[in-house]
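Coordinates in review
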Amino acid sequence: MKKSHVQLAGLAMLIAAPAVAQESPAQPIVAAPVAAEALQAQLPANTELLLSVNEDITTKGGRIDVGHKFALTLVYDVKLGDNIVVPRGTPAYGEVTWLTGKGAFGKSGKMEIELRYLDLGGRRIPISGKYRQEGEGNTVATVGALAVIWPAAPFITGKSARIPQGRELKAFTTEALPVALPAGGMPSSSR
């Protein structure tokens, strides 16, 4: 009888073990040690970045709404001294924050976008950059139509706002980022 209690207790422990394992992560996150010779540095806040827009962003035809997210790509390596901290080709993301479509009487479409973050290997690095794009208005044609034929004026519209694929936009890091540089890799501006 005592043996069966021990077996039942052992069985209960085996059944309970998976529940305990499920509560804690299966694989602990292991931090890689930094070599003692590595130098600690920072990529300063407000570091300038040049980003290229990966798609056309336009108010034409109601293709986008406020909140539309779009992709960009870092054009140049970001360096500290001779060390690349953020490599060119790093993806970045922005968002449309305001827009209006083109309208009657030569009203052009307008939009505002904000650059949000870089995605550096799954780590979001906040960036800032705000731009406003307006389509070309058609006010002169509207004034001419008003003078010649009043009924035609409402049908003269402006142009849609458009940021073409490949347009380069400046952005800035919003906070200082700690960087572990290899020994002897101190940025030249810090020496």
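Model, not experiment: these values are computed from the prediction.

**Structural notes on the overall build of the chain**
Counting secondary structure elements, the chain contains 2 helices and 13 strands. Burial statistics for the chain: of 191 residues in total, 31% are counted as buried. When the accessible surface of the chain is totalled, it reaches about 12,300 Å², and 58% of it is carbon and sulfur.

**Brief notes about the pairing of strand β2 (residues 48-53)**
The sheet contact formed by β2 and strand β12 (residues 168-173) spans 5 bridges and is antiparallel. Paired with Ser52 across the two strands is Glu168, which belongs to β12. Pairing of β2 with strand β4 (residues 69-74) involves 3 bridges; the strand directions are antiparallel. The partner of Ser52 across the bridge, within β4, is Thr73.

**Let's talk about the packing of aromatic side chains**
A full pass over the atoms with the stated rule returns 1 aromatic pair. Seen in terms of ring centroids, Tyr93 and Tyr117 are 5.3 Å apart; in terms of plane orientation they differ by 35°. Their pairing is tilted. Taken as a pair, Tyr93 in strand β7 (residues 91-100) and Tyr117 in strand β8 (residues 110-120) lie far apart in primary sequence, 24 residues in all.

**What about the side chain of Thr59?**
The residue Thr59 is located in the loop between β3 (57-58) and β4 in this model. You can call Thr59 buried: its relative accessible area is 9%. In this structure the side chain of Thr59 is engaged in a polar contact, spanning 2.9 Å, whose partner is the backbone nitrogen of Ala161.

**A few points about the environment of Gly89**
Take Gly89: it is sitting in the loop between β6 (83-86) and β7. For the pair Gly89 and Leu72, spaced 17 residues apart in the sequence, the C-alpha separation amounts to 9.1 Å.

**Some details on the pattern of salt bridges**
Once the charged atoms of two side chains with opposite charge are near each other, the side chains can pair. For the structure on display, the rule yields 9 salt bridges. We note a salt bridge from Arg116 to Glu95, for which the minimum N-O separation is 3.1 Å. Remark: Glu95 occurs in strand β7 and Arg116 occurs in strand β8; sequence separation between them is 21 residues. The salt bridge involving Glu134 is made with Arg132; its shortest N-O contact spans 3.0 Å.

**Considerations on the confidence of the model for the chain**
Residues at a pLDDT of 70 or more form 59% of the chain, whose mean pLDDT is 73. No element of the chain has a lower mean pLDDT than helix α1 (residues 2-23), which averages 40, and none a higher one than β4, which averages 98. Contacts of residues 1-34 to residues separated by more than four positions or lying in other chains number 2 contacts, the stretch itself having pLDDT below 50. Segment residues 137-156: pLDDT under 50, and 25 contacts once partners within four positions in sequence are set aside and those in other chains are kept.

**Some remarks on unusual backbone geometry**
The residue Asn46 is not glycine, and still its phi comes out positive at about 70°. Within the fold, Asn46 resides in the loop between β1 (39-43) and β2. Given the relative accessible area of 56%, Asn46 is considered exposed.

**Details of the side chain of Glu95**
Given the relative accessible area of 18%, Glu95 is considered buried. A distance of 3.1 Å separates a polar atom in the side chain of Glu95 from a polar atom in the side chain of Arg116. When near neighbours in sequence (up to four residues on either side) are disregarded, Glu95 contacts Gly67, His68, Lys69, Phe70, Glu112, Ile113, Glu114 and Arg116.

Conventions used here
Residues numbered from 1 in each chain as written. Predicted model: local features only at pLDDT ≥ 70, side-chain atom pairs only at ≥ 80, totals over all residues. Heavy atoms only, no water. Helix = DSSP H or I, 4+ residues; strand = E, 2+ residues; numbered from the N terminus. Buried < 20%, exposed > 50% of the residue type's maximum accessible area, 1.4 Å probe, protein only. Areas by Shrake-Rupley, 256 points an atom, 1.4 Å probe, with all protein chains shown as cover. Pairing = 2+ DSSP bridges. Phe/Tyr/Trp six-rings, centres within 6.5 Å; stacked < 30°, edge-to-face > 60°. Polar contact = N/O pair within 3.5 Å; in protein donor to acceptor, adjacent residues only side chain to side chain. Salt bridge = Lys/Arg side-chain N within 4 Å of Asp/Glu carboxyl O. pLDDT = per-residue confidence, 0-100. Contact = heavy atoms within 4.5 Å.

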